[in-house]
Amino acid sequence: MNRYQAVFFDFDYTLGDATDCIVEGFRYAFERMGLPAPEREAVRTTIGMTLENAYTLLTGDTDPQRQAQFHALYVEKANPLQVQGTRLFPGCRALLDWLSGEGIVTAIVSTKRRQVIEEILAHQGLSRQVAFVVGGGDVKHYKPHPDSALLALEQAGVPRRRVLFVGDTVIDAETARRAGLDFAAVCNGTTPADAFSPFPCRYTARNLTDFLNWIKEQEL
């Protein structure tokens, strides 16, 4: 049986939900910058983007200094909240336990800061199940540029053809395509299943339990 030897996960809306913390961070930063508070659903649609791109999408402001100001204010408020305020999606723990038990290298590849994700994993008692984290601060270019996926591939030390990249957005799908990795979608976030149809996608899962059942059946 020629199975995947590594699985790389996006984090937000793939494994975990930090919506409340993220929205609070956006509203805090917007208030400090004299901007009207964004709607919760508007913020949700930006999760998975860089903070700078999310700010510009919601405001139309492309000024790099204002983007940087927003980023700093957001981090000041949201990052401390996310450690305890992030909830794991149903099936996440069982999925990570199974992958770890099978000896499959499990990593997280995200635009979120590595330290924040590592602290969330530690708080949830999942540090052992995740071999390493590649965060936004670890690479020069953010997803969908393949830098983060390629760094994870190097750290995992397994052949490219034996790696599966899993995410909830077309940003993740494009990242996998550019890195030459197989991709599977998990529809935990705001991206509908049909949005993945233009991409080579091994499987589109309704949730993490569905994904776990699928990957258990793979003989690749």
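Overview of the structure. Computed from a prediction, not measured in an experiment: that's the story for all the values here.

## A short note on the environment of leucine 121
Stage number 1. On the secondary structure map, leucine 121 appears in helix H6 (residues 114–124).
Stage number 2. Here the alpha-carbon distance between leucine 121 and valine 83, two residues 38 residues apart in the chain, equals 8.3 Å.
Stage number 3. Leucine 121 has contacts with Ile108, Leu126, Ser127, Val130 and Val133, leaving out every residue within four places of it along the chain.

## Describing the environment of glutamate 52
Stage number 1. With respect to the helices, strands and loops of the structure, glutamate 52 is situated in helix H3 (residues 51–59).
Stage number 2. Residues in contact with glutamate 52, not counting those within four places in the same chain, are Gln67 and His71.

## So, the sheet that holds strand S5 (residues 132–134)
Stage number 1. Judged by pairing direction, the sheet is parallel, and its six strands sit side by side in the order S5-S4-S1-S6-S7-S8 without closing on themselves. Each end of this open sheet is capped by a strand with a single partner; those strands are S5 and strand S8 (203–205). Pairs of neighbouring strands in the sheet enclose a mean axial angle of 25 degrees, with direction left out of account.
Stage number 2. Relative to strand S6 (residues 163–167), strand S1 (residues 6–9) runs parallel, the two sharing four bridges. Note that in S6 the partner of valine 7 across the bridge is leucine 164.
Stage number 3. Helix H5 (residues 92–101) contacts S1 and strand S4 (105–109) of the sheet and is inclined by roughly 150 degrees relative to S1.

## Quick word on unusual backbone geometry
Stage number 1. In this structure, the amide linkage connecting lysine 143 to the following residue, proline 144, adopts the cis form with an omega of 15 degrees.
Stage number 2. Turning to its location among the elements, proline 144 is positioned in the loop between S5 and helix H7 (147–156).
Stage number 3. At tyrosine 13, a position not held by glycine, the phi torsion is positive, near 65 degrees.
Stage number 4. Along the chain, tyrosine 13 turns up in the loop between S1 and strand S2 (16–17).
Stage number 5. The exposure class of tyrosine 13 is buried, given its relative accessible area of 2%.

Reading guide: rules and limits
- Residues numbered from 1 in each chain as written.
- Predicted model: local features only at pLDDT ≥ 70, side-chain atom pairs only at ≥ 80, totals over all residues.
- Heavy atoms only, no water.
- Helix = DSSP H or I, 4+ residues; strand = E, 2+ residues; numbered from the N terminus.
- Contact = heavy atoms within 4.5 Å.
- Pairing = 2+ DSSP bridges.
- Axes fitted to C-alpha atoms, helices over the stretch in contact; angles between N-to-C directions.
- Buried < 20%, exposed > 50% of the residue type's maximum accessible area, 1.4 Å probe, protein only.

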